Amino acid sequence: MNNQNSLNMVKKAIAILGLVGAGAFFGLPAVANFSQKSSTQLVVNQPLQIADSNSKDIVATAAEAGQFNTLAAALKAAGLVEVLQGEGPFTVFAPTDKAFAALPEGKVDKLLLPENKDKLVKVLTYHVVPGKVMSGDLESGMVKTVEGSKVSVKVSDAGVKVGKANVVKADVPASNGVIHVIDTVIIPE
């Protein structure tokens, strides 16, 4: 991969996690459907190259990972990058590039079209919850997203599910919130 491609990937990754600040931008209240959960709560973690650093914001933390290029491109197309780099705190359920690749063929390309910007914003903001919600604070139930509708969260000994997505890496800290990496793009109904 050449330096220009690497730079573009980093720029896209930086754009990705700007999504997290949307709660404050849209004036949504903090999440009320989360409560303290036992410290024995299990989350299925798979090796992802994300630095655990409280000194970097969500965007910088995601950029280092290099596994959120599609999300970054979608955030840019939706015009959410700058708006969503707020001080937070925010919780992002961030789908990996592999999660986007699992969508039906052509779905991502269609969402990235300018005429589908509203739909794209709806999908992306469905992955964001206002407030910093660590996995130990999650409780099964319906949780309101920045998009405005609710998503199902299921907490069990096997891990955490958000909609149909599994949390594959939880509690990636950032200075303005937290990232939970998911294996499936969740689509609002």
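Thresholds applied
Residues numbered from 1 in each chain as written. Predicted model: local features only at pLDDT ≥ 70, side-chain atom pairs only at ≥ 80, totals over all residues. Heavy atoms only, no water. Helix = DSSP H or I, 4+ residues; strand = E, 2+ residues; numbered from the N terminus. Buried < 20%, exposed > 50% of the residue type's maximum accessible area, 1.4 Å probe, protein only. Contact = heavy atoms within 4.5 Å. Areas by Shrake-Rupley, 256 points an atom, 1.4 Å probe, with all protein chains shown as cover. Axes fitted to C-alpha atoms, helices over the stretch in contact; angles between N-to-C directions. Parallel < 35°, antiparallel > 145°, perpendicular 65-115°, else oblique. Left-handed = near helix turned anticlockwise from the far one by under 90°. Nonpolar A, V, L, I, M, F, W, Y, C, P; charged D, E, K, R; others polar. Pairing = 2+ DSSP bridges.

Draft legend 1. Representation of the overall build of the protein chain within the structure. The helix and strand inventory of the protein chain stands at seven helices and seven strands. When the helices and strands of the protein chain are placed in sequence order, the string is α-α-α-α-β-α-α-α-β-β-β-β-β-β. Scored against the burial criterion, the 189 residues of the protein chain give a buried share of 47%. Long-range contacts, defined as pairs at least 24 residues apart, comprise 75% of the intrachain contacts of the protein chain with a sequence gap of at least 6. For the protein chain, the accessible area works out to roughly 9300 Å², and carbon and sulfur atoms hold 52% of it.

Draft legend 2. Structural view of the packing of helix H4 (residues 69–78) against helix H7 (residues 117–125). Put simply, H4 and H7 touch, their axes get as near as 9 Å, and they point 130° apart. It follows that H4 is oblique to H7 by the angle criterion. In this structure, H4 crosses over H7, and the sense of that crossing is left-handed. Here H4 contributes Leu71, Ala74, Leu75, Ala77 and Ala78 to the contact with H7, which in turn contributes Lys117, Leu120, Val121 and Leu124. Among the residues making up the contact of H4 with H7, the classes are represented as eight nonpolar, no polar and one charged.

Draft legend 3. Quick look at the pairing of strand S3 (residues 141–144). Taken together, the four bridges between S3 and strand S4 (residues 150–156) define a ladder with antiparallel strand orientation. In the sheet register, Lys144 faces S4, and the bridge partner there is Lys150. Joining the antiparallel neighbours S3 and S4 is a turn of five residues, in which Gly148 adopts a positive phi near 115°.

Draft legend 4. Spotlight on the sheet that holds strand S6 (residues 165–174). Here seven strands make up an open sheet; going across it, the order is S2-S1-S7-S6-S5-S4-S3 and the pairing mixed. Two strands close off the open sheet at either side, each with one partner strand: strand S2 (128–130) and S3. With strand direction ignored, the average angle separating the axes of adjacent strands in the sheet is 30°. Examined bridge by bridge, strand S5 (residues 159–162) and S6 share two bridges and lie antiparallel to one another.

Draft legend 5. How the structure looks around unusual backbone geometry. Phi at Asp171 is positive, roughly 60°, even though this residue is not glycine. The residue Asp171 is located in strand S6 in this model. On the basis of relative accessibility, which here comes to 24%, the residue Asp171 falls in the partly exposed class.

Draft legend 6. Structural context of H4. Considered for burial, the residues of H4 that qualify are Asn69, Leu71, Ala72, Ala74, Leu75 and Ala78. Looking at the residues trailing H4, positive phi occurs at Gly79, about 70°.

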